[in-house]
Amino acid sequence: MQYMALIYAVPNGEQDYEGDMMADYGQFTQDAIAAGVYVSGEALMPETDASTVRMRGGKAQITDGPFAETKETLGGYYLLECADLDEAITWAAKIPSAKYGCVEVRPVMVFDQ
Amino acid sequence: MIQAALAHAFKADSGRVLAALIAQFRDFDLAEEALQDAIIEAARTWPRDGTPSNTSAWLLAVARRRALDRMRKFARAKDEAVLQNLGLLAEDQPEDEATQEIPDERLRLIFTCCHPALAEEAQVALTLRTLCGLSAREIAQAFLVPHATMNQRLTRAKAKISNAGIPYRVPEGPEIEARLAAVLSVIYLIFNAGYAPRNPVLSAEALRLCEVVHQLQPLPETAGLWALMSLHMARDPARLDADNTLISLKDQNRALWDHPAIARAKTRLLHALAQSRPGPYQIQAAISALHCEAESWATTDWAQINALYGALYRLSPTPVVALNHAVAEAHAGEPKEALTKLGELQMALEGYQPFHAARAELLAQCGKIPAARLEYKHVISLTIAPEERAFLLKKLSELP
């Protein structure tokens, strides 16, 4: 099964991170590739650079920033191929930002042919 | 006779049969429907052909066939490959299925039902539904929620297990302790739901489940919880008076306690404690055992109970444990210190019924009668269980 690990954290929360976060992310990605669970993963630019699009009455409405006012924002993701939820949770728990933010684990929807 | 045999077979074995079906088909709904089909089949054929010697194996064999039928019907429109797999599944079934011992898959199932990715209330409901064979309506009644709400809770939980890929397996390695703690917590919640307000079915099911978990995977904390619940049950006959008013431990007639049950619980508890892997349930059971072996309230070993609460607080430093520790301290002879400690816990426990009950009693002990009177009135307003309300009203009326 494929699981999307959505990484949420308070912007600039990594300031309180103990250790070298970039190095830890590099290590995590290498470990996930070596274990064969890595499908893809990216970090996202902050929400201040986000734009939100809605189609209303056939017209695109574009607003600055994200939809919701929340403290923790989406900062990146990994797409992981795992046998089951337990394996996905084990990997999600190793994502460095889980130490100060949180990681939401969502199964990827599978459509019947 | 047949009706009784059927009711018994269903009640006693449904958890085990359902667990075997779910383990094979990985589908709660299909398993439940297939078992239901098998029970209907039993009601039709047992009166005619007689009750089979191994009722659960019979139910499992028939339910398996019904499940395969249902899958075939569903797969017909799909493709050949699925049908071929079903053929192989059917061939896997042993010939002498009606007599063989059915595999016990309940441990895997309880770890699935009590998976931390499910909400706790869903864990409780799913455990009662699948392992204890209670209907959604019975569970709804026990937890005072509408039937439709309970149905939805069960449906959502089953959907999440399937959609999110929650596995059917007993966790291994370092995971096991944390996951077992979740299972035991669900069992204890079920037990307590049956204890006040009283629903003996739930308490009995909790004890039975704990016994199953312990038999399939003996760990000290499981034995600790079993002992704790058994000790609660052993004191149950002395807990209420003729008017259904709660009698405090202090005033209970200790001759009414089930002393052979206390001895059994103590034996198992000592065996668990000897493994030197203490945990919250073993400590709570040890505290309970000290109460049970005391001949009276006055001769209770309060010093040791106080020390055990200290150990419990180090393992689980929660305000509720701190409250119990303070109460034990009061009984060990320090009611004023205990009252001060309760003051420190006020922020965390405001509105928690046992906190106000303990404070009312401590205030009375310390001679602060007007404050005790106010506190008793407050705690009575927070109390729902009628037997406990009656107890508190009596306490209030006895104040000087």
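Reference entry: report on the structure contained in this document. Please read these numbers as outputs of a predicted model, since none were measured by experiment.

Considering the interface of chain B and chain A
Alright, step 1. Contacts between the two partners involve 11 residues from chain B and, on the opposite side, eight residues from chain A.
Alright, step 2. Of the roughly 610 Å² buried where chain B meets chain A, counting both sides, 54% is carbon and sulfur surface.
Alright, step 3. If you look at where chain B meets chain A, you find two salt bridges.
Alright, step 4. Residue B:R169 is joined to A:D86 by a salt bridge in which the shortest nitrogen-to-oxygen separation is 3.1 Å.
Alright, step 5. Between the two partners, chain B and chain A, sit four residue pairs in polar contact (both at pLDDT 80 or more).
Alright, step 6. Here the side of chain B that touches chain A is composed, by residue class, of four nonpolar, three polar and four charged.

Focus: the nonpolar core
Residues and elements named next belong to chain B.
Alright, step 1. Formed by 115 residues in total, the largest nonpolar core has its most connected members in I110, I187, L225 and M229.
Alright, step 2. With 11 residues, helix α9 (residues 175-195) is the single largest residue contributor to this core.
Alright, step 3. Ignoring anything within four residues of it in the chain, the contact list for I187 reads I110, A206, L209, C210, V213, L225 and M229.
Alright, step 4. In terms of nonpolar packing, the next biggest core, distinct from the first, is built from 27 residues, L342, L345, A358 and L399 among them.

Concerning the environment of A:Y77
Residues and elements named next belong to chain A.
Alright, step 1. When you line up the elements, Y77 lands in strand β5 (residues 73-81).
Alright, step 2. Between the C-alpha atom of Y77 and that of G41, which follows or precedes it by 36 residues, the distance is 5.4 Å.
Alright, step 3. Ignoring anything within four residues of it in the chain, the contact list for Y77 reads M4, A5, L6, I7, S40, G41 and E42.

Definitions and limits used
- Residues numbered from 1 in each chain as written.
- Chains lettered and ligands numbered in written order.
- Predicted model: local features only at pLDDT ≥ 70, side-chain atom pairs only at ≥ 80, totals over all residues.
- Heavy atoms only, no water.
- Contact = heavy atoms within 4.5 Å.
- Buried area = accessible area lost by both parts, 1.4 Å probe.
- Salt bridge = Lys/Arg side-chain N within 4 Å of Asp/Glu carboxyl O.
- Polar contact = N/O pair within 3.5 Å; in protein donor to acceptor, adjacent residues only side chain to side chain.
- Nonpolar A, V, L, I, M, F, W, Y, C, P; charged D, E, K, R; others polar.
- Core = buried A, V, L, I, M, F, W, Y, C linked by side-chain atoms within 4.5 Å.
- Buried < 20%, exposed > 50% of the residue type's maximum accessible area, 1.4 Å probe, protein only.
- Helix = DSSP H or I, 4+ residues; strand = E, 2+ residues; numbered from the N terminus.

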